[in-house]
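# A structural walkthrough
This is what each chain is made of:
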Amino acid sequence: MQTTGEPGKGKGRSVVIDLKSFFLSDGLSEALECRLDLSGMELGGVKPFCAPVCAHVRLTGFGGSVELRAEVGYTLTMPCDRCFEEVTRHFSSTFAHTLVRQLHSGGEDGDYVLVEDERLDLDRLLQEDILLDLPSKFLCRPDCEGLCPTCGKNRNEGPCGCSGREIDPRLAVLQELL
Ligand SMILES: [Zn+2]
Ligand SMILES: [Zn+2]
């Protein structure tokens, strides 16, 4: 298998894989490991990908297309959505795609990924997968109590002394709904 670029080293270089032999050989299957450097990617004002992203990828030729299965582990370091404490959490996901040389129906089809010149830009594909996979809420722990709306103290560190009577009436309405 031919790869170009040096995974994990420097920015702007990508891992490009020549898929010609997979398109031609039914059943040909190879595994590879790569690291992606997403340290320059910004999300909500922070750059959360402090550690390289590790991917275990398997490519299998199947009926003129290529099945790709990637197990990806990534670590996010960013502020909790509720208490704003910086936390680091690890995520792992599996992505699967069918890589094709041409799309038959003409329209966009989410299940198929068009590979131009039989060369796969693995970095770009996995980067898109990871962006779609990111958690919609990023919390330091599932039951994070967040900041007190009255005094701003981090309530995970203990009660702040504000009594229930001082709660903003708008929040009190919300509380009754919980
Ligand atoms: Zn939190
Ligand atoms: Zn308080």
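Please refer to the structure higher up on the page.
Residues numbered from 1 in each chain as written. Chains lettered and ligands numbered in written order. Predicted model: local features only at pLDDT ≥ 70, side-chain atom pairs only at ≥ 80, totals over all residues. Heavy atoms only, no water.

## Here's the deal with unusual backbone geometry
- Despite not being glycine, Phe84 has its phi angle at roughly 65 degrees, a positive value.
- Mapped onto the secondary structure, Phe84 falls in the loop between β5 (65-79) and β6 (86-100).
- Residue classification places Phe84 among the exposed residues on the basis of a relative accessible area of 54%.
- One non-glycine residue, Glu118, adopts positive backbone phi at about 60 degrees.
- With respect to the secondary-structure elements, Glu118 resides in the loop between β7 (112-114) and β8 (119-121). (Helix = DSSP H or I, 4+ residues; strand = E, 2+ residues; numbered from the N terminus. Buried < 20%, exposed > 50% of the residue type's maximum accessible area, 1.4 Å probe, protein only.)

## Re the pattern of salt bridges
- Counting across every chain of the model gives three salt bridges.
- The shortest N-O distance in the salt bridge between Glu118 and Lys20 comes to 3.9 Å. With a gap of 98 residues between them, Glu118 in the loop between β7 and β8 and Lys20 in helix α1 (residues 20-24) connect regions that are remote in the sequence.
- Among the residues examined, Glu118 registers a relative accessible area of 16% and is labelled buried. (Salt bridge = Lys/Arg side-chain N within 4 Å of Asp/Glu carboxyl O.)

## Some details on the side chain of Ser65
- The residue Ser65 is located in strand β5 in this model.
- Overall, the relative accessible area of 11% leaves Ser65 in the buried class.
- Not counting the four nearest positions on each side in its chain, Ser65 is found in contact with Phe22, Phe23, Thr60, Thr98, Leu99 and Val100. (Contact = heavy atoms within 4.5 Å.)

## A closer look at the coordination of the zinc ion (ligand 2)
- Every protein donor of the zinc ion (ligand 2) is listed here as Cys148 (SG), Cys151 (SG), Cys160 (SG) and Cys162 (SG), and their distances to the metal cover 2.2 to 2.3 Å.
- Considering all four donor atoms around the zinc ion (ligand 2), the spread of angles at the metal, 107 to 113 degrees, places the coordination shape in the tetrahedral class.
- Counting the intervening residues between successive donors of the zinc ion (ligand 2) yields the motif C-x2-C-x8-C-x1-C. On the criterion of sequence distance, the pair formed by Cys148 in the loop between α2 (122-133) and α3 (169-177) and Cys162 in the loop between α2 and α3 is long-range, its members being 14 residues apart.
- Given a relative accessible area of 28%, Cys162 falls into the partly exposed group. (Donors = N, O, S within 2.8 Å, 3.2 Å for Na, K, Ca; no water. Tetrahedral: all angles 85-135°; square planar, octahedral: opposite > 155°, others 65-115°.)

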